[in-house]
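Summary of the model geometry
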Amino acid sequence: MTTLTRQDLNFGQVVADILCEFLEVAIHLILYVREVYPSGIFQKRKKYSVPVQMSCHPELNQYIQDTLHCIKPLIVKDFPWIVADEQEVHMREPRLIPLKTMTSDIVKVREIH
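Here goes a summary of the coordinates provided. As a convention, each chain's residues are numbered from 1 in the sequence order in which they are written. Reporting of local features is limited, given that this is a predicted model, to residues whose pLDDT is at least 70; pairs of side-chain atoms are given and counted only at 80 or more, and all residues count toward the totals for whole chains, interfaces and linings. Each side-chain value is derived from all of the structure's non-hydrogen atoms; neither hydrogens nor water enter the calculation.

1. Thoughts on the overall build of the chain
Counting secondary structure elements, the chain contains two helices and four strands. Helix and strand assignments come from DSSP, with helices taken as H or I runs of at least 4 residues and strands as E runs of at least 2, each series counted from the N terminus. Start at the N end of the chain and walk to the C end: the helices and strands fall as α-β-β-α-β-β. Looking at the chain residue by residue over its 113 residues, the buried ones come to 19%. Contacts are residue-level and defined by heavy atoms, with any inter-residue pair within 4.5 Å sufficient. A separation threshold of at least 6 residues defines the contact pool for the chain, and within that pool the share at least 24 residues apart is 50%. Carbon and sulfur atoms make up 58% of the accessible area of the chain, which amounts to about 9300 Å² in all. Only protein chains enter the calculation, and the probe is 1.4 Å; a residue is then buried if its accessible area is under 20% of its type maximum, exposed if over 50%, and partly exposed in between. Only the protein chains shown count as covering a residue, and every accessible area follows the Shrake-Rupley method with a 1.4 Å probe.

Here is the structure:
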């Protein structure tokens, strides 16, 4: 039996694959919770042993996949991690509707030698 070492794996690619899979689930969940699309296009599935809502609409799913495919090389290159924070937005103009925003910071993880 052969044991794979870190040198055998493209570590950046493994990190990118895992992070993109997590982001895909997070995007579906955000779209469901925020009711961006009708709830009828979402199905309950299990990811990471947790029940989540995932879209079953092929065009939306393809769009999400294509978007994640575009950012994957950036993840491989710099190994960034995304930290999200949800905040209330308060509008000074009373006729405007306050919204919630989701912000992300990219933090580079440095390898210690």
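On we go from here.
2. Observations concerning the pattern of salt bridges
For this document, the term salt bridge refers to a Lys or Arg side-chain nitrogen within 4 Å of an Asp or Glu carboxyl oxygen. Within this structure, the stated rule accounts for two salt bridges. Residues K72 and D17 are paired through a salt bridge, measuring 2.9 Å at the closest nitrogen-oxygen approach. Of this pair, K72 sits in helix α2 (residues 58–78) while D17 sits in helix α1 (residues 11–33), placing them 55 residues apart in sequence. Residue class for K72 comes out partly exposed when judged on its relative accessible area of 23%.

3. What about the nonpolar core?
Most often, soluble globular proteins keep nonpolar side chains buried together rather than apart. Remark: nonpolar core denotes a set of buried residues (Ala, Val, Leu, Ile, Met, Phe, Trp, Tyr, Cys) joined through side-chain atoms within 4.5 Å. In this structure, A16, L19, C20, L23, L31, I41, F42, L60, I64, L68 and I75 together form the largest nonpolar core, which totals eleven residues. Counting residues per element, this core draws most heavily on α1, at five residues. Not counting residues within four places of it along the chain, the set of residues in contact with C20 comprises L68, I71, K72 and I75.

4. Quick word on a nonpolar patch on the surface
Patch members must show over 30% relative accessible area and no salt bridge, and they are joined within 9 Å when carrying like charges or within 5 Å when they are nonpolar side chains of Val, Leu, Ile, Met, Phe, Trp or Tyr. Among the surface-exposed residues, F22, Y48 and V50 lie close enough to one another that they form a single nonpolar patch of about 300 Å² accessible area. Counting through the fold element by element, F22 comes out in helix α1. Residue F22 is classed as partly exposed on the basis of its relative accessible area of 47%.

5. A closer look at unusual backbone geometry
Here E35, not a glycine, exhibits a phi torsion of approximately 55 degrees, which is positive. One can find E35 in the loop between α1 and β1 (42–47). What makes E35 exposed here is its relative accessible area of 67%. Look at S49: it is not a glycine, yet its phi comes out positive at around 65 degrees.

6. Section: the pairing of strand β2 (residues 50–55)
In this description, strands pair whenever DSSP reports at least two bridges between them. Here β1 pairs with β2 via six bridges, running antiparallel. Paired with K47 across the strands is V50, a residue of β2. Here β1 folds back onto β2 in antiparallel fashion, the turn holding two residues, of which Y48 has a positive phi close to 55 degrees.

7. As for the side chain of H28
Inspection of the secondary structure puts H28 in helix α1. The definition of a polar contact used here is a pair of N or O atoms within 3.5 Å, where within protein one atom must be able to donate a hydrogen and the other to accept one, and adjacent residues in sequence count solely through side-chain atom pairs. Separated by 3.0 Å, the side chain of H28 and the backbone nitrogen of S55 make a polar contact. Filtering out sequence-adjacent residues up to four positions away, H28 remains in contact with F42, Q53, M54, S55, N61 and I64.

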